Amino acid sequence: MFEFTGKLKTLSIILIIIGAISVGASFRMGGGDHHADAGHDTHSEAAAEGEHGHADEAGHHEASAHSEHDLHAKYAAPDNTTYHNTASRATPDHNHFRLTEDNKPSAEKIHHQQENKPWANLLVSNFFFLAVSLGALFFMAVQYAAQVGWSAVVLRVMEAMTTYLWIPMVLMLVLILTGMGHIGGNHIWHWMAEGIMDPENKEHYDEIIAGKAGYLNNPFFIIRTLVYALGWVGGAMLLRKMSMKMENNGAEAPAIWKKMRNLAAGFLVFFAVTSSTSAWDYIMSIDTHWFSTLFGWYIFAGMFVSALTVLTLITLYLKSKGYLPEVNHSHIQDLGKFMFAFSVFWTYLWFSQFMLIWYSNIPEEVTYYMARWGEYKVLFFTMLAMNFIFPIMILMSRDSKRNYGFLITAGIIMVIGHYLDVFILIMPGTVGGEWTLGLVQLGTFLGFAGLFIFVVFSALAKRNLMPVNHPMLEESKHFHL
């Protein structure tokens, strides 16, 4: 039986306190009391915030606002130049936040970006740990649906990781509700702005966003989030409950295991749909004009590799403390294989989305990457190196996948790298050039990590680390590659 030691519990509480202080500091420093600095370097904001403003009726754009194609005549590029070549045009900033005559963001726009900073910071860490927990639930469901044998000895770790799932869903509802009322300056999802879909509102109306009103509207957004929460949290609870029942009733274990297989198969169908729609809702709708048919898969890949990495790190920690003696080098190697394989899968999807959009140079698509090519270029390619190059270098060989030091090193790099991936997904469309990555963001991440550790290890301490009466347990104990 695992013991959640006082030392580890104290560490998690300290991290939670650091996180709470950091979140409080972010709201204090990033709120509406800040004013635009005329000398601030915001040269990439016109591209980065193409979704966050309204048509400038004073004529800052040469194009007419009646047609999206007409609006492509002129836009501010990351290097503060203006493109006139048709092949290089991209959707300009023609929403609520205006540009000045020199194609720089107005004071109003910078003000809203600063208001968004604490909310965006909260969303980044919340979504990252939501992805870790949800990815673990998906992987656990796959084990039951496919009747997998080797992984039985680490099922309890997966179960514990899913117990955290309800927390980010509650926080996501808070972010959505405050965004709907713009409480505390929350303008993360610009399509929630008042009058943005009302043709009678000449100042704020956006024809492109209004065309998506059937999907992007407040009631349906809340309903979808509640459906996600019910399906994900409910699925995790049912699987854990049936697992406990199987542990306490050995005679009925085969029948219960069969029911769990059917439940897991049904959940995977639900997950296949909601993992994509939630990615569209929480992340892609931040950049409301832009869309990608590959986006749901891309978010899934990051989610899954993050969950596999955290699963491996927790398993290695438990092994280092003398727990999970049934987990052998073959189990660890398989976990390392999954980390390596899905790092490559994530990179494949990253490359597919990025290169096809960049090469085709279609205005409606390329602005998304122009925003990240400007202010975020160093972070953009640092993240790519951490999520692809380092895992390739460290985990390529068989022996490295059995080496705990190599796995821990690769795992830490990949966790940081995928956090940066979520950061780059969210920040350009919410805060643009006003972004910072420092102690406040680090403290917020550590706070969420502390909360995750507290919840997951508390759950581990309540159950046997081995799934007693699991039909595949003996096979898993004797698993060797």
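The structure displayed is predicted, hence computed values, not measured ones.

Asks: For this particular structure, what's the right way to read the overall build of the protein chain?
Replies: Regarding its fold elements, the protein chain presents 16 helices and two strands. Taking all 481 residues of the protein chain together, the buried fraction comes to 58%. Across the protein chain, contacts joining residues at least 24 apart in sequence account for 79% of those joining residues at least 6 apart. Accessible surface computed for the protein chain: about 19,100 Å², of which carbon and sulfur atoms make up 65%.

Asks: I tried to follow the nonpolar core on my own but got confused; where do I start?
Replies: A general tendency of soluble globular proteins is for nonpolar side chains to be buried together. With 136 residues, the main nonpolar core has Met 161, Trp 189, Tyr 282, Phe 295, Ile 314, Phe 452 and Leu 460 as its most contacted residues. It is helix 3 (residues 107-145) that contributes the most residues to this core, 19 residues altogether. Those residues within four positions of Ile 314 in sequence are excluded, and the remaining contacts are Val 157, Met 161, Phe 452, Val 456, Phe 457 and Leu 460.

Asks: Mind showing me how you'd approach the environment of Lys 212 here?
Replies: By the secondary structure assignment, Lys 212 is in the loop between helix 6 (207-210) and helix 7 (218-248). A sequence separation of 15 residues divides Lys 212 from Met 197, and the C-alpha atoms of the two residues are 8.9 Å apart. Discounting residues that sit within four places of it in the chain, Lys 212 has contacts with Thr 288, His 289 and Trp 290. Here the side chain of Lys 212 touches Thr 288 through a polar contact of 2.5 Å, landing on its backbone oxygen.

Asks: Which parts of the structure should I look at to understand the pattern of salt bridges?
Replies: Applying the stated criterion across every chain yields a total of nine salt bridges. Among the ionic pairs, Glu 159 bridges to Arg 156, the shortest N-O distance being 3.1 Å. Taken as a pair, Glu 159 and Arg 156 lie in helix 4 (residues 155-162) at a separation of three residues, close to a single helical turn. Among the salt bridges present, the one from Asp 334 reaches Lys 337, with a minimum N-O distance of 3.8 Å. Here Asp 334 pairs with Lys 337, and both are found in helix 10 (residues 329-360), just three residues apart, close to one helical turn.

Asks: Would you mind showing me how to read helix 10 here?
Replies: Spacing of three or four residues puts side chains on the same side of an α-helix, whose turn is 3.6 residues. In a regular helix each residue adds 1.5 Å, so 32 residues correspond to 46 Å; helix 10 covers 46 Å between its end C-alpha atoms and thus fits that length. Where helix 10 begins, the side chain of Asn 328 points an oxygen toward the backbone nitrogen of Ser 330, at a separation of 2.8 Å.

Asks: Looking at this structure, how should I read the environment of Leu 446?
Replies: As for its position among the elements, Leu 446 is in helix 15 (residues 439-460). By relative accessible area, which is 27% here, Leu 446 ends up partly exposed.

Asks: How should the confidence of the model for the protein chain be read in this particular structure?
Replies: In low-pLDDT segments, the atomic positions of the prediction should not be examined closely. Confidence in the prediction of the protein chain, expressed as mean pLDDT, is 84, and 83% of residues score 70 or more. Helix 15 holds the highest mean pLDDT among the elements of the protein chain, 97, whereas helix 2 (residues 45-48) holds the lowest, 36. Low pLDDT, under 50, characterises residues 32-103; the predicted model gives this stretch 187 contacts beyond four residues in sequence or across chains.

About the thresholds
Residues numbered from 1 in each chain as written. Predicted model: local features only at pLDDT ≥ 70, side-chain atom pairs only at ≥ 80, totals over all residues. Heavy atoms only, no water. Helix = DSSP H or I, 4+ residues; strand = E, 2+ residues; numbered from the N terminus. Buried < 20%, exposed > 50% of the residue type's maximum accessible area, 1.4 Å probe, protein only. Contact = heavy atoms within 4.5 Å. Areas by Shrake-Rupley, 256 points an atom, 1.4 Å probe, with all protein chains shown as cover. Core = buried A, V, L, I, M, F, W, Y, C linked by side-chain atoms within 4.5 Å. Polar contact = N/O pair within 3.5 Å; in protein donor to acceptor, adjacent residues only side chain to side chain. Salt bridge = Lys/Arg side-chain N within 4 Å of Asp/Glu carboxyl O. Expected span 1.5 Å × (residues − 1). pLDDT = per-residue confidence, 0-100.

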